[in-house]
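# Coordinate inspection notes
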Amino acid sequence: MRTPSFVRVIKFPMKIRASLSKGILLKPIQACLTVLVYLFLSNASVNGAEKTLPNIVMIITDDQGYGDLGSRGNPIIKTPNLDKLHDESIRFTNYHVSTTCAPSRASLMTGRHSNRVNAFHTITGRSLLFEDERLLPQVLAENGYTNGLFGKWHLGDNYPFRPGDRGFHEVVRHGGGGITQGPDYWGNDYFDDTYWRNGELESYEGYCTDVFFDEAIRFIDDNQDKPFFCYVSTNAPHAPYNVPEEYLNLYQDVEDLPERFQRFYGMITNIDDNVKRLDDKLEALGLRENTIFIFTTDNGTAGGDRIFDGGLKGSKGSVYEGGHRVPFFVRWPAGKVEGGVDVDRLVAHYDVLPTFVELLGLDFEPVKPLDGVSFSRFFDDPQAEWPNRVLQMDTQRMQNLVKYKDYVVMDQDWRLVNGKELYNVTEELGQVTNVIEQNPEVAARLALGYEGWWQSFMDDDVNERYAYIKVGSSSENPSRISAHDMFTGKHGHGWHQYGAAVASQSTGRWKIEFAETGQYQISLRRFPRESRLDINATFPAEEKRRELDRTFPASVKSDFATAYLYVANINTSKKIEAGAEEIVFQATIPAGKYDMEAQLIDSEGRVHPAYYVYIEKLSTDL
């Protein structure tokens, strides 16, 4: 039920709530006067209550690192608008995320470490955020916000993991972890693509980043009279490095800059221009003052350190500083959060949710313990006291969590890398000199922190839990499932559209929950339905346009002979006839959780996944 407007009026910021609580107990008249003054200054009324909370705009880019900004000293890249935002913001210069994309997004959304919530990989079913986690957009929605997501989600493409299932009211997104990956619409290439708008396919004109910002701006326009959370999550500058020609041209004359980085930088400059467009819209609507505007990225740079490293060692996937220390700018003029100030205290992505809760006085009782803590004190005092925390990041990218796999333990000054290297980043940010032999007590203290942290995952039985895609429900029927989310023993490149084209071999199982007992139709395909290609279709490599970084590969394999399905009470094979686009199985399947194998087997007996599986409930057995 929607909270009445009057109730939302008196959800004061945390500081005022605390003082009011004391006032109500001790000085009733003064407390009442404080309420009236606050309501007057906020222009609050029953009809205008929804604007007592600030708007939130969060822009998070993909694979842009600490040094991929002009404001961080990069002498080549052109980011004048992000540099302006940098100068207007409080900048958290010691802010850390996970080393790859889905894990960072999971922690940002939940306030909990990604290893705890089933998002410690980017594929293989280990990027599906557990259904019983409570997410930032859900908390905001419960407190009167309207939420929109535009761009990349990467925490599940099927029910119950989609952004529309997790608190977002308006969604325009691509599939999977990037445009051209398996869950994405077949043939998307960043230009004139087809995306999911609130669960339905819709075609768009223009470059992907421009489209996502267009939709974000439309969302802001439509919701200007109530508090909103606008989450713009670009897939750029993630590979493939497809970019409009005018942005590629900006860097073509830069001496010794390889084409890959001309494209990479061009994608970032395009983002920069779109940031200005969105900020100008806020200004035109009179919303800029009372909008919390955040810019950040999801992990270290995807190779940009080869051109300019910003003083950091490592890049995406690395547990050195360059893999997980990223920009985090916050501007909120009405809250006096501005002025170009640096905060160098150690904070992380899972601190963002509790920070919003405290800063905005949101009603929120965590169902599960949070790893994060609020850093909102720094908005009042950038030099505020802060405990010397011990935090951990790791790069798992495995089917199950593996202890001691690629990890770093951090406190304010020190970094213990893989238990063997110790760096004082306060004295030497670039992590050149390993001083573990000179500081064994520091190494021992941080190592002990890792042991307790790891045991907390084992206590949660993380390796024994799985995220199940739910089929046959009213929320999604049919379900379009891809090999991207197959729990694999050997995954090759089956998670990508390119893998389907070249028939990359892989094996594994999906975790599927049939929501209701009923008659189901399960269709196995090599290519998704929108492609209209048959299982043994061949086609030449697509001609590469100048804007495109890669050529879509050719399909030459045409000897798939058998389709095999194992799930619930089905364990059978069917011959693949010439010209068949899909092989269809039907059965009555009892409600429940099952492992599913779906395979395409060639004439020599080699096993490939059904790169796409469609599951549809035809009727319910009563």
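Right, let's walk through the structure included here. (Residues numbered from 1 in each chain as written. Predicted model: local features only at pLDDT ≥ 70, side-chain atom pairs only at ≥ 80, totals over all residues. Heavy atoms only, no water.)

Turning to the packing of helix 4 (residues 80-88) against helix 9 (residues 259-284), a few remarks are in order. Their axes nearest at 7 Å, the elements helix 4 and helix 9 cross at an angle of 60°. Between helix 4 and helix 9, the angle falls in the class oblique. For the pair helix 4 and helix 9, contact is made by Pro80, Asn81 and Leu82 and by Asp272, Asp273, Val275 and Lys276, respectively. Residue composition of the contact of helix 4 with helix 9, grouped by class: three nonpolar, one polar and three charged. (Axes fitted to C-alpha atoms, helices over the stretch in contact; angles between N-to-C directions. Helix = DSSP H or I, 4+ residues; strand = E, 2+ residues; numbered from the N terminus. Parallel < 35°, antiparallel > 145°, perpendicular 65-115°, else oblique. Contact = heavy atoms within 4.5 Å. Nonpolar A, V, L, I, M, F, W, Y, C, P; charged D, E, K, R; others polar.)

Quick look at the nonpolar core now. One finds Phe92, Tyr95, Phe229, Tyr231, Ile292 and Phe356 to be the most contacted residues of the largest nonpolar core, which totals 49 residues. Ranked by residue count, the leading element in this core is helix 10 (residues 352-360), at six residues. With sequence-adjacent residues up to four places away left out, phenylalanine 229 is seen in contact with Ile56, Met58, Leu136, Leu140, Tyr145, Thr146, Asn147, Gly148, Phe168 and Phe219. Formed by 48 residues, the second largest nonpolar core is a distinct cluster that contains Leu82, Ile179, Ile268 and Ala302. (Core = buried A, V, L, I, M, F, W, Y, C linked by side-chain atoms within 4.5 Å. Buried < 20%, exposed > 50% of the residue type's maximum accessible area, 1.4 Å probe, protein only.)

Attention shifts here to the pattern of salt bridges. Under the criterion given, the structure shown has 51 salt bridges. Notably, a salt bridge pairs arginine 162 with aspartate 165, separated by 2.9 Å at the nearest N-O pair. In this structure, glutamate 597 engages arginine 509 in a salt bridge whose closest nitrogen and oxygen atoms are separated by 2.5 Å. Of the two residues, glutamate 597 sits in strand 25 (residues 592-602) while arginine 509 sits in strand 20 (residues 507-514), which places them 88 residues apart along the sequence. With a relative accessible area of 31%, arginine 509 lands in the partly exposed category. Via salt bridges that share partners, Lys84, Glu88, Asp279, Glu283, Arg288 and Arg331 belong to a single interconnected network. (Salt bridge = Lys/Arg side-chain N within 4 Å of Asp/Glu carboxyl O.)

This part is about helix 4. Those residues of helix 4 that fall on the buried side of the exposure criterion are Asn81, Leu82, Asp83, Leu85, His86 and Glu88. Each element contacted by the buried residues of helix 4 is listed here: strand 2 (90-92), helix 9, strand 9 (291-297) and strand 10 (328-331).

Function cannot be read off these values alone, since they describe shape.
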